[in-house]
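# Summary of the model geometry
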Amino acid sequence: MGHTSLDKIIALQKNPANIRNLCILAHVDHGKTTLADCLVASNGIISSRLAGKLRYLDSREDEQMRGITMKSSAISLLYSNGDQEYLLNLIDSPGHVDFSSEVSTAVRLCDGAIVIVDAVEGVCPQTQVVLRQAWLENIRPVLVINKIDRLITELKLTSQEAHTHLQKILEQVNAVTGTLFTSKVLEERAEKEKEEEKEKESEMLSGDQVYDWSAGLEEADDSHLYFSPDQGNVVFASAIDGWGFSIQQFAHIYSQRMGIRAEVLLKTLWGDFYLNAKAKKIMRGAQAKGKKPLFVQLVLDNIWSLYDAVVTRRDKEKIEKVMTSLGVKVMARDSRHSDPKVLLSAICSQWLPVSRAVLAMVCEKLPSPLDMASERVEKLMSVGARRFDSLPEQTQELKRVFLQCSSKENAPVIIFVSKMFAVDTKTLPQNRQRLLTQEEIAQRRDLARQRHTDRMAAGQPAETAESHGDPTRLGSTPQEGQPAGPSTAKTDSLTMKESKAEEEQEQKETFIAFARVYSGVVKKGQRVFVLGPKYDPAQGLNMLPEGCSPSDCASEVPHLSCCSTESIYLLMGRELEELEEVPSGNVLGIGGLEECVLKSATLSTSPACPPFTPLNFEASPIVRVAVEPKHPSEMPKLVRGMRLLNQADPCAEILIQETGEHVLVTAGEVHLQRCLDDLRYRFAKIEISASKPIIPFRETVVRPPKVDMVNEEMGKQQKVAIIHQVKEEASQGRSSDTLHVDPSGLVTLTTPNRLATVSVQAIPLPQEVTNLLESSSELIRTLEQVNMSLREGRSLEVSLRTLEAISGLKAQLESLLQGRKWRNTVERIWAFGPRRYGPNILLNSVEGYQRPSVWQCLSRGDKAGEALSPLAPALRDFDNSIVSGFQLATLSGPMCEEPLMGVCFSVVRWDIQSSAPLQHQDNLEEDLISHEALTHSNVSGQTQTDGTAVGPSQARRRPEATSADCYGPVSGQLIAAMKEACRHAFQVQPQRLMAAMYTCEIMATAEVLGRVYGVLGKREGRVLHEEMKEGTDVFIIKAVLPVAESFGFADEIRKRTSGLASPQLVFSHWEVISSDPYWVPTTEEEYLHFGEKADSANQALKYMNAVRRRKGLYVEEKIVEHAEKQRTLSKNK
């Protein structure tokens, strides 16, 4: 990069008003990197001829091979608009669904975004996703409708049809934006109503109440949100041919040519207007009168005629006319070129250069760092349950610093690192070979000549004497000469070691933080605080002395560490340029943070700064593989490589399972392939072998089916398979003294030391409740944290919004859990699981046991400041053991040790005997705390032999006896008993596997539709709906596909359809597999239909056995099937 442009960039970095931080967002293959090439070419970094072919920002080899972007990369560009000079920090992001985490990292650092839509394909699934990501991060989008040349060359549309088609695309994009806006307004409206209700309650207003029916949408101003060419936030382009325009450009051209004011043309060029040639007026109603709209007549017709002359008919005379009228000069080699597209792009890039249209729109419409919305700042600064108002005053003052985007000396430095990316150490500016200037070359030439003349002057004899002198001097005395051998060997080995160390140093990957400065000036070598995601500024300010700086770092503050910014870089696509300092509002790279930052972090010189809200990733990692080295001795290299990969990829996760396997979790097949390649060739640099993908399943119970496998209604007395009977008899015979299973499905289990008994029943949760619990996992986790702090006696400041969300969740659960069976269930929830926030519920149905509700934070919120009443419900001893047993049971189910989902375990009875008489010589009276919901005579007779049942009042009198033993053997045995009881209760009910499902969107033409259906059918896919895209021959098929069947699916579809269809797979939901994995024929009809062996493929059993085999569990299968007796030749004679 030239010194002049680097100096210019450094100068422009100090003026935040003329900085634009933007990213390019779109669906895969809609032309992001091609457009980025055109913008990069406008700065002379690459040749304009290579724009679109070079894909400059795709610097990885696999990106170039696959033709898709896999990582976000940034570049700084200069643009002069009139007398103003702008600095544009452009970030190109991937469009493939597997890499949507990279989009999140890019969006966080930007203030605006260019959203690209393919003119043929229109709004695709990923377009909607990126628009939502931009909306969630409060960044302003502008629209580029790309690939308009395809409407001419592929779809063969007329200019009039193309106009209608473009209008429809704009409507589709605006519909997505409108939906996002409406949901926001309605949320705000709901919050407003709640506040008004509270005010009315407090004032106790009497009189007539008038209800306001409006939803608040009428007053809300949404005009700035929508994309419309007359607002100047839409550009029509064909990046591959190098042209693009906004309506402003044509309004300016025609205002000079036709004498109509530019403002009038701006309003009328897009819309239902036409030009009345006789009256020389622009009139409304082109569609009704069948006239050509102004946009078609003045804009599209010109482009269509140019394509017709150059590409379709290759009419040389017409091309000459067009070139003279446009005032364009083309080089002779371009006009003689065999490919007409070369000539076309040569003409278009001079007439309507895409870079000018896009960059002018960006500078005009996208906000500078100074225009950051205060709402966005508050959103960034309030993490999790904390609200912005509850943050310390010093922290709230930082909001002003944010909005000012100040670069003063006293302004605190605030940086957000969105990801860490690895670069080869050799490519860093300090290690790069520098090109010599003319003066340096001349100096070196003079030095070389000087040395040569000196040698010649010294003469040959001196040279020979010199050469013979050294060895004689070294070995002059034999005594000194003898030890010289080993010492020289030592020095040799040392130099060898040093050279090896240098080699390793050369091979090492260096991590650079991809970051943005929000306030202050970052300097090279500056010390900053690294704020962990759980860092609390209030705690930090209390623990640190006033005016504490990162240089005198205090390590005792939790989640706070210090580091120094060793080097600062300007990101220039494939290259980095070293800088001394970077002022606020700029995107930059920071070196030397790999020890303190894992993936993303907030850095600041002020301990009052809160950590920013974590990035929200759209794609959740779901594809797992176990990785191991080919040669076991290289295990340490693999571990180190995986650690580096974990740091370098924002979405990949690295786990070490209990079995000792190293597991890599990725977002999809393409992402997995990229991670494995990185491990092999960059980070571990060893041969590795990856297992087949580990497919996740869930286990659940369902209601007993009403019909059997041949759709016959089941009798009152369901016949049980012989195999199952044998199994049950064996299990009951083995543990009948401690385990009792009731016909209703109630399982009663006594601990081995006979001190505790639990009765548990498993009930399937309704599907809606399971979905709600799964989607609210973050909220339940927050609720659990609040409850834990309340149990420990700490008060936690919870934001009003979080409390409202919790009460909303409670209300939703109450509305979904209706009926006699679920009466008062929500109040009796004991815990959620697994890991305390999963989609399973533990229910307290123990009679007489009133424990603190999980919703206690809501009641505390209403009565803030009140002391806890003495009659408040207290926890029983070993309450935690019951919860722990439930957590263990839900974490690994009995079918194949996979987590449970959608199961409610109701604890009906829980008795604890305080002590065993035989174990203690002291005459301790035996207490039995008995709480029963269902009194089964056999159960009570079985359990009340050891001790006498006493009432709760007697139990309350003597809590010391049990609490003293709280962590003793009773606790452990109770956990195990609860876990076993849950597992048995689960097995009594009809069990089912749940498979992870992808939603699959496929765009395919009519001729390959049948083949697509064939591939989907073969892989257990289910088509939800198909529709034809208007104006094209393309069908959009939406289907669901099990993750277990998805590997190799994209490749197979591409092969079968000759590349005409490619799917987008996104994880959607969990679905129950209808077939019972344990099913065997029991009725006569089933024997007739399925045969005695019933060996037709059972999909659920196949999946279950595969998981059990992988985990090393027992698999019930025959080694030899359908064997025949061997007949020897002698017998056959």
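All figures in this text were calculated on a predicted structure; none of them were measured in a lab. (Residues numbered from 1 in each chain as written. Predicted model: local features only at pLDDT ≥ 70, side-chain atom pairs only at ≥ 80, totals over all residues. Heavy atoms only, no water.)

## Quick word on the overall build of the protein
Counting its regular elements, the protein contains 38 helices and 36 strands. Within the protein, buried positions represent 48% of all 1133 residues. Put simply, of all contacts in the protein between residues at least 6 apart along the chain, 75% involve residues at least 24 apart. As displayed, the protein has an accessible area near 58,200 Å², and 51% of this comes from carbon and sulfur atoms. (Helix = DSSP H or I, 4+ residues; strand = E, 2+ residues; numbered from the N terminus. Buried < 20%, exposed > 50% of the residue type's maximum accessible area, 1.4 Å probe, protein only. Contact = heavy atoms within 4.5 Å. Areas by Shrake-Rupley, 256 points an atom, 1.4 Å probe, with all protein chains shown as cover.)

## Description of the pattern of salt bridges
Where side chains of opposite charge bring their charged atoms close, a pairing between them can arise. This structure, assessed with the given rule, holds 40 salt bridges. D334 is the salt-bridge partner of R49, the closest N and O atoms lying 3.0 Å from each other. Taken together, the residues span a long stretch of sequence, with R49 in the loop between α2 (32–41) and α3 (61–66) and D334 in helix α13 (residues 332–336) at a distance of 285 residues. Residue R49 is classed as partly exposed on the basis of its relative accessible area, which comes to 38%. (Salt bridge = Lys/Arg side-chain N within 4 Å of Asp/Glu carboxyl O.)

## Brief notes about the nonpolar core
Counting residues in hydrophobic clusters, the biggest one holds 105 residues, and the most contacted among them are I114, L664 and I1002. Examining the composition of this core, we find that seven residues originate from one element, helix α15 (residues 354–365), more than from any other. In this view, I114 contacts L22, C23, I24, L25, L35, V142, V144, V358 and V362; residues no more than four positions away in its chain are not counted. Counting 55 residues, the second largest nonpolar core, distinct from the first, contains V115, I148, L170 and F227. (Core = buried A, V, L, I, M, F, W, Y, C linked by side-chain atoms within 4.5 Å.)

## Some points on the packing of α2 against α15
Running from N to C, α2 and α15 cross one another at 95°; their axes reach a closest spacing of 9 Å. Comparing the axis directions of α2 and α15 gives the class roughly perpendicular. Within the contact between the two elements, α2 uses L35, C38 and L39 and α15 uses V354, S355, V358 and L359. Taken together, the residues of the contact of α2 with α15 break down into six nonpolar, one polar and no charged. (Axes fitted to C-alpha atoms, helices over the stretch in contact; angles between N-to-C directions. Parallel < 35°, antiparallel > 145°, perpendicular 65-115°, else oblique. Nonpolar A, V, L, I, M, F, W, Y, C, P; charged D, E, K, R; others polar.)

## Section: the sheet that holds strand β21 (residues 653–656)
Here four strands make up an open sheet; going across it, the order is β21-β22-β20-β23 and the pairing antiparallel. Every other strand in the sheet has two partners, leaving β21 and β23 (688–690) as the edge strands with one partner each. Strand after strand, the sheet turns through a mean of 30° between neighbouring axes, direction not considered. The sheet contact formed by strand β20 (residues 623–629) and β23 spans three bridges and is antiparallel. Note that in β23 the partner of V627 across the bridge is A690. Where helix α23 (residues 669–683) meets the sheet, its contacts fall on β20, β22 (662–666) and β23, and the angle it forms with β22 comes to roughly 135°. (Pairing = 2+ DSSP bridges.)

## What about the packing of aromatic side chains?
Tallying each qualifying case throughout the model produces 22 aromatic pairs. On the basis of an interplanar angle of 35° and a centroid distance of 5.2 Å, the ring pair of F697 and Y1103 is categorised as tilted. Within this pair, whereas F697 is found in strand β24 (residues 697–701), its partner Y1103 is found in helix α37 (residues 1099–1111), the two being separated by 406 residues in sequence. Taking the relative accessible area as the measure of exposure, Y1103 reaches 7% and is therefore buried. Summarising the aromatic geometry, the rings of F1067 and W1070 are spaced 5.9 Å apart at their centres and angled 70° between planes, so their arrangement reads as edge-to-face. Taking the relative accessible area as the measure of exposure, W1070 reaches 8% and is therefore buried. Here the basic side chain of K419 rests over the ring of F514, its NZ or CZ set 5.3 Å away from the ring centre. When the ring centre of Y837 is taken as reference, the NZ or CZ atom of R781 above it lies at 4.2 Å. (Phe/Tyr/Trp six-rings, centres within 6.5 Å; stacked < 30°, edge-to-face > 60°. Lys NZ or Arg CZ within 6 Å of the ring centre and 35° of its normal.)

## Examining the packing of helix α16 (residues 374–381) against helix α17 (residues 393–404)
Their axes nearest at 10 Å, the elements α16 and α17 cross at an angle of 135°. Comparing their axes, α17 and α16 come out oblique. The chirality of how α16 crosses α17 is right-handed. Two secondary-structure elements touch here, α16 through S374, V377, E378 and M381 and α17 through T395, L398, K399, F402 and L403. A class-by-class count of the residues in the contact of α16 with α17 yields five nonpolar, two polar and two charged. (Left-handed = near helix turned anticlockwise from the far one by under 90°.)

## Brief notes about unusual backbone geometry
Between G833 and the following residue, P834, the backbone shows a cis peptide bond with an omega angle of -5°. By the secondary structure assignment, P834 is in the loop between β28 (829–833) and β29 (840–844). One non-glycine residue, R55, lies in positive phi territory at about 50°. Of note, R55 is situated in the loop between α2 and α3. The phi angle at S1058 is positive, at roughly 55°, despite the residue not being glycine. Relative to the assigned elements, S1058 resides in the loop between α35 (1049–1056) and β36 (1062–1072).

## With respect to helix α29 (residues 879–891)
The terminal C-alpha atoms of α29 lie 19 Å apart, and with 13 residues this matches the ideal 18 Å at 1.5 Å per residue to within 8%. Those residues of α29 lying buried are D879, S881, I882, V883, G885, F886, Q887, A889 and T890. Check the buried side of α29 and you find it contacts β27 (756–764), β28, β29, β30 (903–913) and α33 (969–988). (Expected span 1.5 Å × (residues − 1).)

## Observations concerning α23
With 15 residues, α23 should reach 21 Å at 1.5 Å per residue; the first-to-last C-alpha distance of 20 Å fits that figure. Residues of α23 that are buried: V670, H671, L672, R674, C675, L676, D678, L679 and F683.

## Details of the environment of G668
With respect to the helices and strands, G668 occurs in the loop between β22 and α23. Separated by 46 residues in the primary sequence, G668 and I622 have C-alpha atoms spaced 7.1 Å apart. Leaving out residues up to four positions away in the same chain, G668 has contacts with D98 and V623.

## A few points about the environment of T312
Tracing the chain through its elements places T312 in helix α11 (residues 294–312). For the pair T312 and P340, spaced 28 residues apart in sequence, the C-alpha separation works out to 8.8 Å.

## A short note on the side chain of S101
Here S101 is to be found in helix α4 (residues 100–108). Every residue in contact with S101, bar those within four places of it in the chain, is listed here: F617, P650 and C651.

## Brief notes about the confidence of the model for the protein
Looking at the protein as a whole, its pLDDT mean stands at 81, while 82% of the residues score no less than 70. Below a pLDDT of 50 lies the segment residues 204–209, which in the model reaches two contacts outside its immediate sequence neighbourhood of four places, other chains included. Across residues 461–506 the pLDDT falls below 50, and counting only partners more than four positions away or on other chains, this stretch makes five contacts in the model. (pLDDT = per-residue confidence, 0-100.)

## Overview of the pairing of strand β33 (residues 991–1005)
The buried count for β33 comes to 14 of 15 residues, which makes it a mostly enclosed element. Pairing geometry for β24 and β33, over five bridges, is antiparallel. Bridge pairing in β33 places V701 opposite Q991. Taken together, the ten bridges between β33 and β36 define a ladder with antiparallel strand orientation. The residue bridging A996 from the neighbouring strand is W1070, located in β36. Bridge count for β33 against strand β35 (residues 1034–1042) is nine bridges, and the pairing is antiparallel. Following the sheet pairing, T999 is matched in β35 by V1040.

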